[in-house]
Amino acid sequence: MKMKTALTIAGSDCSGGAGIQADIKTMTMNGVYAMSAITALTAQNTTGVRAIQESTPEFLKQQIDAVFEDIFPDSVKIGMVSSSELVCIIADSLKYHKAKNIVVDPVMVATSGSSLMKTDAVKTLIDELLPIATLVTPNIPEAEVISGLSIENKEDMQKAAKIIGDAHDCAVLLKGGHNINDANDLLYTNGEYQWFAGKRINNPNTHGTGCTLSSAIASNLAKGFTLAESVQRAKEYISSALSAQLDLGQGSGPMMHNFDLASYFAEEKISD
C-alpha cells in the first residue's frame, strides 16, 4: 500500500497536547504517514513549560538526513525551534534535500504563555526559514513580531500578511483569534487575499491548536490538495477536534485529536 508521508520538525511535549505528539496524532488522523525530527525535549503540561533540553545541531541534522534518505516526505511541518543554530541546520538540510510543501509554524510562545524561543532565533527563523516556506502560519502576536506592525483589526491583518508574504516570497495564513476578527483566518498568496470563516467554539482547552492546524495543512498538501483546500480542510478538522470538548489537565488542556477514530481497536471496554 502506497501512502503519502509528512515530517514534523518540532519540540516534544511530554503531556501530549502540542508539539511532536500533537503533530503525529494530527497527521495520522489526516491520512498520512507521520515522521519526526525532534528539536528539543520539553518538560511541560497544560499549566506551563518547566524546562527545555535542546537537541544538538548535529543530532538534529542526523534525524532529518535519516528520514530524507529513506522515506522522502511529501510535506514538512516546522514547529518549535528554540535556537539560531537549530534553525540554520533545518534550513540547510531542507535546501540540500530539496524538500517540498514546507509549512512553518513560527512557535514563539506556548498556549500557557511560556516563551519557547530565544530572541536571536526569531530573526534567524525569519531570515532562513520563511524564504524556503510554502506557507507560514503565524498568530496575531507572531505576525506582529515578523511584520513589525501592530495588528488591531481586519485591515491590519491584511497589511501584515502582505508585508510578510512579499518580503519572503511565501504564502501566509494569518490566524485570527486573540480577540481580533473572531476566529477568521486570512490566507495571502500570490498577491491575493482569501478569508476563511471560523466559528468560535466555547472551549478553553486550546493547548496545541497552532501545532495541530499547521500539521493538518501539511498533511493535506502531502495528499495533493491545493493550499486553499488544505487550509479549509485543516480548519474543519480543528473545529471538530475542539467541538469534541475533551477536558484534561488543570490548565489550557489539549483538544481531542482522535475525535473521528472509530474502529475495533479504538473501542472502549464495555463494563460488566
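Residues numbered from 1 in each chain as written. Predicted model: local features only at pLDDT ≥ 70, side-chain atom pairs only at ≥ 80, totals over all residues. Heavy atoms only, no water.

Glancing now at the packing of helix 3 (residues 84-96) against helix 4 (residues 119-128). For the pair helix 3 and helix 4, the least separation of the axes is 8 Å and the interaxial angle reads 15°. Taken together, the axis directions place helix 3 and helix 4 in an arrangement best described as roughly parallel. Helix 3 and helix 4 meet at a crossing whose hand is right-handed. Facing helix 3, whose interface residues are Ser-84, Val-87, Cys-88, Ala-91 and Lys-95, helix 4 presents Asp-120, Ala-121, Thr-124, Leu-125 and Glu-128. (Axes fitted to C-alpha atoms, helices over the stretch in contact; angles between N-to-C directions. Helix = DSSP H or I, 4+ residues; strand = E, 2+ residues; numbered from the N terminus. Parallel < 35°, antiparallel > 145°, perpendicular 65-115°, else oblique. Left-handed = near helix turned anticlockwise from the far one by under 90°. Contact = heavy atoms within 4.5 Å.)

Another point: the nonpolar core. Grouped together as the largest cluster of nonpolar side chains are 41 residues, with contacts concentrated most on Ile-9, Val-76, Ile-78, Ile-90, Leu-94 and Leu-174. Broken down by element, this core gets its largest block of residues, 6 residues, from helix 3. In terms of nonpolar packing, the next biggest core, distinct from the first, is built from 20 residues, Phe-196, Leu-213, Leu-227 and Tyr-237 among them. (Core = buried A, V, L, I, M, F, W, Y, C linked by side-chain atoms within 4.5 Å. Buried < 20%, exposed > 50% of the residue type's maximum accessible area, 1.4 Å probe, protein only.)

Before going further, it helps to spend a moment on the pairing of strand 9 (residues 192-196). Judged from the 5 bridges that link them, strand 8 (residues 185-189) and strand 9 form a sheet pairing that is antiparallel. Across the sheet, Asp-185 pairs through a bridge with Phe-196, a residue of strand 9. Count of turn residues in the strand 8/strand 9 antiparallel hairpin: 2 residues, of which Asn-190 carries a positive phi of about 50°. (Pairing = 2+ DSSP bridges.)

Moving on, we get to helix 3. Structural remark: α-helix, 3.6 residues per turn; residues separated by three or four positions point the same way. Here helix 3 spans 18 Å end to end across 13 residues, near enough to the 18 Å set by a 1.5 Å rise per residue. If you check which residues of helix 3 are buried, you get Ser-84, Leu-86, Val-87, Ile-89, Ile-90, Ala-91, Ser-93 and Leu-94. Lys-98 sits one or two positions beyond helix 3 and adopts a positive phi of about 55°. (Expected span 1.5 Å × (residues − 1).)

Spatial strand order, 3-2-1-4-5-6-7-8-9: 9 strands in an open sheet with mixed pairing. A strand with exactly one partner marks an edge of an open sheet, and here the two such strands are strand 3 (48-54) and strand 9. Packed onto the sheet, helix 7 (residues 209-222) meets strand 1 (5-13), strand 4 (75-78), strand 5 (102-104), strand 6 (135-136), strand 7 (171-174) and strand 8 and runs at close to 170° relative to strand 4.

Inspection of the secondary structure assignment puts Thr-42 in strand 2 (residues 33-45). Expressed as a C-alpha distance, the spacing of Thr-42 and Pro-73, which sit 31 residues apart in the sequence, is 25 Å. Thr-42 has contacts with Ser-12, Asp-13, Cys-14, Ala-51, Ile-52 and Met-80, leaving out every residue within four places of it along the chain. A distance of 2.5 Å separates a polar side-chain atom of Thr-42 from the backbone oxygen of Ser-12. In this structure the side chain of Thr-42 is engaged in a polar contact, spanning 2.8 Å, whose partner is the side chain of Gln-44. (Polar contact = N/O pair within 3.5 Å; in protein donor to acceptor, adjacent residues only side chain to side chain.)

Within this structure, the stated rule accounts for 7 salt bridges. We note a salt bridge from Lys-123 to Asp-127, for which the minimum N-O separation is 2.6 Å. Of this pair, Lys-123 and Asp-127 both sit in helix 4, 4 residues apart, which is roughly one turn of the helix. You can call Asp-127 partly exposed: its relative accessible area is 39%. (Salt bridge = Lys/Arg side-chain N within 4 Å of Asp/Glu carboxyl O.)

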